[in-house]
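# Structural overview
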Amino acid sequence: MTFLKASLLGLAAIGASAAAASGQIRVVATTPDLASVAREIGGDRISVTALAKPTEDPHFVDAKPSFVVTLNRADALVEGGAELELGWLPPLLENSRNGKIAAGAPGRVVASEGIRLLEIPTSFDRSKGDIHSLGNPHFMIDPAAVKIVARNIATHFAQVDPKSAAVYNANLAKFNTTLDAKLADWQRQLAPYRGAKIVTYHRDFVYLAQRFGLNTIDELEPKPGIAPSPAHLAQVIGKMKANNVKVILVQPFQNRKTAETVARQTGAAVLDAPQQPGAAKGTDSYFGMMDNLIGSLARGLGAAK
Ligand SMILES: [Zn+2]
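One structure accompanies this document, and this report is about it. (Residues numbered from 1 in each chain as written. Predicted model: local features only at pLDDT ≥ 70, side-chain atom pairs only at ≥ 80, totals over all residues. Heavy atoms only, no water.)

### Things to note about the side chain of Asn152
Put simply, the rule reads: Each helix is a run of H or I in the DSSP string that is no shorter than four residues. Each strand is a run of E no shorter than two, and both are numbered from the N terminus. Relative accessibility decides the category of a residue: with a 1.4 Å probe and only protein chains considered, values under 20% of the type maximum give buried, values over 50% give exposed, and everything between is partly exposed.
With respect to the helices, strands and loops of the structure, Asn152 is situated in helix H5 (residues 143-160). Taking relative accessible area as the criterion, Asn152 reaches 12% and is therefore assigned buried.

This is how it looks when you write it as structure tokens:
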């Protein structure tokens, strides 16, 4: 590299950090999917950091000490809500001592606000280990729910940074237009498999199943967050055979070996179905992740037909 080129790169880096200091709002998202939607809405008016890795379970994120510093410096936080992050986020927030992202502050975006949650329990006993205490928090793979999330984000960004409100609204409109077109394409891809029966590791595909007409008949976990037991797996295997289920969906952080064991005994296939951008190659945005997920499902269900 020439000296001149190195100097220019150095200047470019200084320019970028100056831009960050002069007006971009610092956004922290708990998970990569929320970070991606925030990026679509915020555009060049924001910088975004996701706390969880794409391959991490959003319920059980490895809380690094550096997260406290990141949260302390944030102008806005986007969380899933519905107790998705209950197991790891509250102590980090307490230690971050940042009023801008305190509950109820304009900088605190709770994605689940306004979403009609599925599976809200009528009674709840935490001692049984179920971690979906407020209803099912895995709504980001339902494009209709994501529209509500995007609107929540745009509303809060406009409160935190009123001078860029028009930009956030314009980006929201563009996001919705893209989402509508994508949804039509995804529905077309999955239309041949309406009513197809699937089994999942965790109860994390119910919103997608409802939106696209798939039928989740059981999970390898006996309850959300509880590891599969031999007795429960024996029941699942029986149910899969009786219903001729051909596909088991797993995410990168779930126990694929367990799924493969069940697959061997039922003649089903294990299908990798990551829900986070960046977990699979070339899926760095929400749209890339969903394209990959819907495509994999269509191929997997097609092969099983
Ligand atoms: Zn869950």
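### Section: the packing of aromatic side chains
What counts, and what does not: Under the pairing criterion, centres of Phe, Tyr and Trp rings, with the six-membered ring standing for Trp, must be within 6.5 Å; the plane angle then separates stacked pairs below 30 degrees from edge-to-face pairs above 60, leaving the rest tilted.
Enumeration over the complete set of coordinates arrives at four aromatic pairs. Considering the side-chain rings of Phe175 and Phe287, the 5.3 Å spacing of their centres and the 35° angle between planes classify their relative orientation as tilted. Taken as a pair, Phe175 in helix H6 (residues 165-190) and Phe287 in helix H10 (residues 286-304) lie far apart in primary sequence, 112 residues in all. Here Phe175 matches Phe287 in class, with each residue buried. Centre to centre, the rings of Tyr286 and Phe287 are 6.0 Å apart; their planes meet at 70°, and the pair counts as edge-to-face. Owing to a relative accessible area of 0%, Tyr286 belongs among the buried residues under this scheme. Taken together, the ring pairs connect Phe175, Tyr286 and Phe287 into an aromatic cluster.

### Here we look at the sheet that holds strand S1 (residues 25-29)
What links the strands of a sheet is backbone hydrogen bonding, and the strands pair in either a parallel or an antiparallel sense. The condition that has to hold: Only strands that DSSP links by at least two bridges are regarded as paired with each other. In this analysis, axes come from line fits to C-alpha atoms, helices being fitted only over the stretch in contact, and the angle between any two N-to-C directions falls in the range 0 to 180 degrees. Here, two residues are considered to be in contact whenever any of their heavy atoms come within 4.5 Å of each other.
Overall, parallel pairing links the four strands, which are arranged S2-S1-S3-S4 in an open sheet. A single partner strand is all that each edge strand has here, and the edge strands are strand S2 (46-50) and strand S4 (108-110). Shown here is a sheet whose adjacent strand axes are inclined to one another by a mean of 20°, direction ignored. Of the pairings in the sheet, the one linking S1 to S2 comprises five bridges and is parallel in character. Bridge assignment links Ala29 to a residue of S2, and that residue is Ala50. Against the sheet, helix H2 (residues 32-42) engages S1, S2 and strand S3 (76-79), with an angle of about 175° to S2.

### Section: the packing of H2 against H6
What counts here: Oblique is the label for any angle not covered by the other classes, which are roughly parallel (under 35 degrees), roughly antiparallel (over 145) and roughly perpendicular (65 to 115). Here the term charged refers only to Asp, Glu, Lys and Arg, the term nonpolar to Ala, Val, Leu, Ile, Met, Phe, Trp, Tyr, Cys and Pro, and the term polar to all other amino acids, Gly among them.
One way to put it is that H2 packs onto H6 with a least axis distance of 7 Å and a crossing angle of 120°. One finds that H2 runs oblique with respect to H6. Contacts from Val37, Glu40, Ile41 and Gly42 in H2 reach Tyr168, Asn171, Leu172 and Phe175 in H6. For the contact of H2 with H6, the class distribution of residues is five nonpolar, two polar and one charged.

### Thoughts on the pattern of salt bridges
Here is the rule: Throughout this description, the term salt bridge denotes a Lys or Arg side-chain nitrogen within 4 Å of a carboxyl oxygen of Asp or Glu.
Using the criterion set out here, one finds twelve salt bridges in the structure. With a closest N to O distance of 2.9 Å, Arg108 and Glu79 form a salt bridge. Taken together, the residues span a long stretch of sequence, with Arg108 in strand S4 and Glu79 in strand S3 at a distance of 29 residues. For Arg108, a relative accessible area of 14% corresponds to the buried category. Ionic contacts of the salt-bridge type, sharing partners, join the residues Glu119, Arg203 and Glu219 into one network.

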